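Residue strings, one per chain:
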Amino acid sequence: DMSCATGLFTRRLAKSNDYNRVIACDYSESMLQEARRRINSDPSLQTKSSTTKLDLVRCDVAKIPMRTSSIDALHAGAAMHCWPDLDAGLGEIYRVLKPGGRYFATTFLSTYFGSLQTAEGGQTGVNRQAFQYFESVDVLRSMLVKA
């Protein structure tokens, strides 16, 4: 779970017991601390019936500390728009995925933030934001294929 933040999807993936191991990754140590706190306070993750090994790792998506072709699936929920070097991050994801591995991601399109800006009275423009917004699904698709 790349850019796991507070670990919402990390916990869901671990609780499903569909995976032998779930690795939650984030660049922010404070996010990992909060994820750890929430994992530790979740009774269903503290039982012996949970078969999933759960680890938290601080890392930059542009420098994933995992072997090439070692990951079956990678999730990045509402995260790609936050990555400073998107091309490097996508290249690293491609590198660590096993052949036939899956990448699941959600992010935001610039049209959404343009609508949000209008609703908020036009105080900030998309170009003045600290995030990257994507013009369309086709733009995202081409970035993924390029990686």
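This text goes with the structure placed above it.
Residues numbered from 1 in each chain as written. Predicted model: local features only at pLDDT ≥ 70, side-chain atom pairs only at ≥ 80, totals over all residues. Heavy atoms only, no water.

**Comments concerning the overall build of the chain**
For step 1, the next point in the chain: Looking only at helices and strands, the chain features 5 helices and 4 strands.
For step 2, the next point in the chain: Listing the helices and strands of the chain from first to last along the sequence gives α-β-α-β-β-α-β-α-α.
For step 3, the next point in the chain: Residue burial in the chain is summarised as follows: out of 147 residues, 31% are buried.
For step 4, the next point in the chain: The contacts of the chain with a sequence gap of at least 6 include a subset with a gap of at least 24, amounting to 73%.
For step 5, the next point in the chain: Carbon and sulfur atoms make up 52% of the accessible area of the chain, which amounts to about 9100 Å² in all. (Helix = DSSP H or I, 4+ residues; strand = E, 2+ residues; numbered from the N terminus. Buried < 20%, exposed > 50% of the residue type's maximum accessible area, 1.4 Å probe, protein only. Contact = heavy atoms within 4.5 Å. Areas by Shrake-Rupley, 256 points an atom, 1.4 Å probe, with all protein chains shown as cover.)

**Concerning the layout of surface pockets**
For step 1, the next point in the chain: Computed from the structure, the largest pocket encloses a volume of approximately 630 Å³.
For step 2, the next point in the chain: R21, V22, I71, D72 and A73 are, among the 19 residues lining the largest pocket, the residues nearest its centre.
For step 3, the next point in the chain: At the level of secondary structure, the elements contributing two or more residues to the lining of the largest pocket comprise β1 (21-26), β3 (71-76) and β4 (97-105).
For step 4, the next point in the chain: Ranked by residues supplied to the lining of the largest pocket, first place goes to β3 with 5 residues.
For step 5, the next point in the chain: Of the residues belonging to the lining of the largest pocket, the class tally is 11 nonpolar, 3 polar and 5 charged.
For step 6, the next point in the chain: Each pocket or cavity is described by its volume, and for the second largest pocket that value is around 270 Å³.
For step 7, the next point in the chain: Residue lining of the second largest pocket: 16 residues in total, with S3, D26, Y27, C82 and W83 positioned closest to the centre. (1 Å grid on protein atoms, 1.4 Å probe; cavity = no way out; pocket = protein on both sides within 12 Å on 5 of 7 lines; lining within 4 Å. Points joined across faces, edges and corners; volume = space filled by probe spheres on them. Nonpolar A, V, L, I, M, F, W, Y, C, P; charged D, E, K, R; others polar.)

**Focus on the pairing of β4**
For step 1, the next point in the chain: Note: β3 against β4, 5 bridges, orientation parallel. For A73, the partnering residue across the bridge sits in β4 and is R102.
For step 2, the next point in the chain: With helix α3 (residues 86-96) bridging β3 and the parallel β4, this β-α-β connection has right-handed handedness. (Pairing = 2+ DSSP bridges. Right-handed = clockwise from strand over helix to strand, strands pointing away.)

**Examining the pattern of salt bridges**
For step 1, the next point in the chain: One pass over the full model with this rule turns up 9 salt bridges.
For step 2, the next point in the chain: Of the charged contacts, one joins E34 and R37 as a salt bridge, the two residues approaching to 2.7 Å between their closest N and O atoms. With a gap of 3 residues between them, E34 and R37 both fall in helix α2 (residues 29-40), about one helical turn apart.
For step 3, the next point in the chain: E34 gets classed as partly exposed once you look at its relative accessible area, which sits at 23%. (Salt bridge = Lys/Arg side-chain N within 4 Å of Asp/Glu carboxyl O.)

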